[in-house]
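# Structural overview
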Amino acid sequence: MKTATVSQLKKELQHRDEADLLEICLKLAKFKKENKELLTYLLFESDYETGYMESVKELIAEQFETINTKNYYWMKKGIRKILKETKKYARYSGNKETEVALLLYFCEKMTEVRPAIRNNNVLRNLYLRQKEYIAKKIEALHEDLQLDYIHALEKLD
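Residues numbered from 1 in each chain as written. Predicted model: local features only at pLDDT ≥ 70, side-chain atom pairs only at ≥ 80, totals over all residues. Heavy atoms only, no water.

The next thing to look at is the packing of aromatic side chains. Inspection of every chain in the model, using the stated rule, returns four aromatic pairs. Ring centres 5.6 Å apart and planes at 50 degrees place the aromatic pair F64 and F106 in the tilted group. Taken together, the positions of F64 in helix α4 (residues 49-65) and F106 in helix α6 (residues 96-112) put the pair 42 residues apart, joining distant regions of the chain. Take F64: its relative accessible area is 9%, and that puts it in the buried class. Judged by its relative accessible area of 0%, F106 is buried. Seen from their ring centres, Y73 and W74 are 4.9 Å apart, and the 80 degrees between their planes marks the pair as edge-to-face. You can call W74 partly exposed: its relative accessible area is 40%. Over the ring of Y133 we find K87; its NZ or CZ atom is 4.4 Å from the centre of that ring. Across from the ring centre of Y89, 5.2 Å away, lies the NZ or CZ of K88, which sits over that ring. (Phe/Tyr/Trp six-rings, centres within 6.5 Å; stacked < 30°, edge-to-face > 60°. Helix = DSSP H or I, 4+ residues; strand = E, 2+ residues; numbered from the N terminus. Buried < 20%, exposed > 50% of the residue type's maximum accessible area, 1.4 Å probe, protein only. Lys NZ or Arg CZ within 6 Å of the ring centre and 35° of its normal.)

Right, here's the structure in full:
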């Protein structure tokens, strides 16, 4: 089966009535957890972005508390999983400011992990790559926000 392009899907969805669209959305939600999470964001949380950011930050904090710190191998696996979920939640929003705030919070939590990440090359490099990525994302923000986030990024050092 060949997958349709986004423009083809958009054209087809414009020709459907409201009941069909509702049924399609519910079917999408049943098949994948990510679809259900995205629909939840769009329907319930997109109107209040700061509340969404706070709930994701709480989730990140909980995940960092439960991370296995017995050795660096398990720490790396746990931190990569948290980063993957953080980026997924930032992608749901599509807001660059939200993405920067969530990634800054991730890096902040990463520095608080014990044993320290600076003792492991892989974790240290992951942390540094995220800081570089955040710096690039900050450049795309409004000038007033840039200054605030640059200061927050500098505090991480």
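So much for the structure itself; the text now carries on.
A few words now on the nonpolar core. Counting residues in each nonpolar core, the largest one holds 35 residues, and the members touching the most others are F64, I79, F106, M110 and I134. No other element matches α6, which puts nine residues into this core. In this structure, M110 is in contact with F64, I79, I117, L123, L126 and Y127, ignoring residues within four places of it in sequence. (Core = buried A, V, L, I, M, F, W, Y, C linked by side-chain atoms within 4.5 Å. Contact = heavy atoms within 4.5 Å.)

Our focus in this paragraph is the pattern of salt bridges. Under the criterion given, the structure shown has five salt bridges. As a salt-bridge pair, E37 and K33 come within 3.8 Å of each other at their nearest N and O atoms. Placement of both E37 and K33 in helix α3 (residues 33-45) is noted, with a separation of four residues, approximately one turn of the helix. Owing to a relative accessible area of 63%, K33 belongs among the exposed residues under this scheme. Notably, a salt bridge pairs E37 with K88, separated by 3.0 Å at the nearest N-O pair. Of this pair, E37 sits in helix α3 while K88 sits in helix α5 (residues 72-93), and the two are 51 residues apart along the sequence. E37 gets classed as buried once you look at its relative accessible area, which sits at 15%. Note on K88: relative accessible area 11%, which makes it buried. Ionic contacts of the salt-bridge type, sharing partners, join the residues K33, E37 and K88 into one network. (Salt bridge = Lys/Arg side-chain N within 4 Å of Asp/Glu carboxyl O.)

Everything listed is a geometric property; what it means functionally is a separate question.
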